[in-house]
Amino acid sequence: RATMIVGILGHAARFAVYAFFPDYPAFIILVQVLHGICYAFFFATVYVFVDAYFPKDARASAQGLFNVMILGVGALIAYSLCPYLMQTVFTQNGVTNFRGLFLVPMTSAIAAAAALALFFFPPKEASPGASA
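All values reported here derive from a predicted model rather than from experimental measurement.

1. Brief notes about the overall build of the protein chain
Moving on, step 1. Within the protein chain, the secondary structure is distributed over four helices and two strands.
Moving on, step 2. Ordered by position in the sequence, the α and β elements of the protein chain form the string α-α-α-β-β-α.
Moving on, step 3. The principal-axis extents of the C-alpha atoms in the protein chain amount to approximately 60 × 30 × 25 Å.
Moving on, step 4. Burial analysis of the protein chain (132 residues in total) assigns 27% to the buried set.
Moving on, step 5. Residue pairs at least 24 apart in sequence account for 65% of intrachain contacts in the protein chain once pairs closer than 6 positions are excluded.
Moving on, step 6. Accessible surface for the protein chain amounts to roughly 8,600 Å². Of this, 72% is attributable to carbon and sulfur atoms.

2. Quick word on the packing of aromatic side chains
Moving on, step 1. Counted according to the given criterion, the structure contains 15 aromatic pairs.
Moving on, step 2. Aromatic pair Tyr 39 and Phe 43: ring centres 4.8 Å apart, planes at 25°, arrangement stacked. Note that Tyr 39 and Phe 43 are positioned in helix H2 (residues 25-53) at a spacing of four residues, about one turn of the helix.
Moving on, step 3. With a relative accessible area of 44%, Tyr 39 lands in the partly exposed category.
Moving on, step 4. On the basis of relative accessibility, which here comes to 15%, the residue Phe 43 falls in the buried class.
Moving on, step 5. An aromatic cluster of at least three residues, connected via ring pairs, comprises Tyr 39, Phe 42, Phe 43, Tyr 47 and Phe 66.
Moving on, step 6. In this structure, Arg 14 packs its charged tip against the face of Phe 15, placed 5.7 Å from the ring centre.

3. Observations concerning the packing of helix H1 (residues 2-20) against H2
Moving on, step 1. At a minimum axis distance of 8 Å, the contact between H1 and H2 shows a crossing angle of 155°. The pairing of H1 with H2 is recorded here as roughly antiparallel in orientation. Between H1 and H2 the crossing geometry is left-handed. Contacts between H1 and H2 pair Thr 3, Met 4, Val 6, Gly 7, Ile 8, Gly 10, His 11, Ala 13, Arg 14, Val 17 and Tyr 18 from the former with Phe 27, Ile 28, Val 31, Gln 32, Leu 34, His 35, Cys 38, Phe 41, Phe 42, Thr 45 and Val 46 from the latter.
Moving on, step 2. Grouping the constituent residues of the contact of H1 with H2 by class yields 14 nonpolar, seven polar and one charged.

4. Considering the nonpolar core
Moving on, step 1. Counting 16 residues, the largest nonpolar core has Met 4, Ile 8, Phe 42, Val 46, Val 50, Phe 66 and Leu 116 as its most contacted members.
Moving on, step 2. For this core, the secondary structure elements donating two or more residues are H1, H2, helix H3 (56-89) and helix H4 (98-119).
Moving on, step 3. Among all residues touching Leu 116, those that are not within four sequence positions of it are Arg 1, Met 4, Ile 5 and Ile 8.

What counts, and where the lines are drawn
- Residues numbered from 1 in each chain as written.
- Predicted model: local features only at pLDDT ≥ 70, side-chain atom pairs only at ≥ 80, totals over all residues.
- Heavy atoms only, no water.
- Helix = DSSP H or I, 4+ residues; strand = E, 2+ residues; numbered from the N terminus.
- Buried < 20%, exposed > 50% of the residue type's maximum accessible area, 1.4 Å probe, protein only.
- Contact = heavy atoms within 4.5 Å.
- Areas by Shrake-Rupley, 256 points an atom, 1.4 Å probe, with all protein chains shown as cover.
- Phe/Tyr/Trp six-rings, centres within 6.5 Å; stacked < 30°, edge-to-face > 60°.
- Lys NZ or Arg CZ within 6 Å of the ring centre and 35° of its normal.
- Axes fitted to C-alpha atoms, helices over the stretch in contact; angles between N-to-C directions.
- Parallel < 35°, antiparallel > 145°, perpendicular 65-115°, else oblique.
- Left-handed = near helix turned anticlockwise from the far one by under 90°.
- Nonpolar A, V, L, I, M, F, W, Y, C, P; charged D, E, K, R; others polar.
- Core = buried A, V, L, I, M, F, W, Y, C linked by side-chain atoms within 4.5 Å.

What is shown is where atoms sit, not what they do.
Here's what the structure looks like:
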C-alpha cells in the first residue's frame, strides 16, 4: 500500500515540476527519471499484489481488469478530456496556461494517493490459493 502511494505521489511531483519549474531543463530531465520509478512503485506493486492475494484461478482476470481500467478506460477518458481541457479551458486568446493544465493531473494524483491511503486496506495474509 505504501509503495503504491509513493508511486502515485511521484507522478504528482512530476506534474508539479512541469507546472512550477518549466524553465529549468535540469529539473525536467531529472523528473523524467522519476517516471520509471513511479511505474515500478505503482504498477509492478499492483501486479505483485494480485499474484499474492488473488486465488490462482482468478489471477489472470484480476490482472486483465486492472489493465483495462488503467490502460483502457483510463486512457480513453484522458484522450477525451485532455484535448478539451487544453483547447477550451486552459487556452485563452491563443495562449495556453500550461501551469493550470499541469495542476489538474497533479491534483488528481494527490487525490488518488489520499483515496488509496484512506480506503485501501489489503488483507494481512495472502489468499490460500495465491502464490505468496
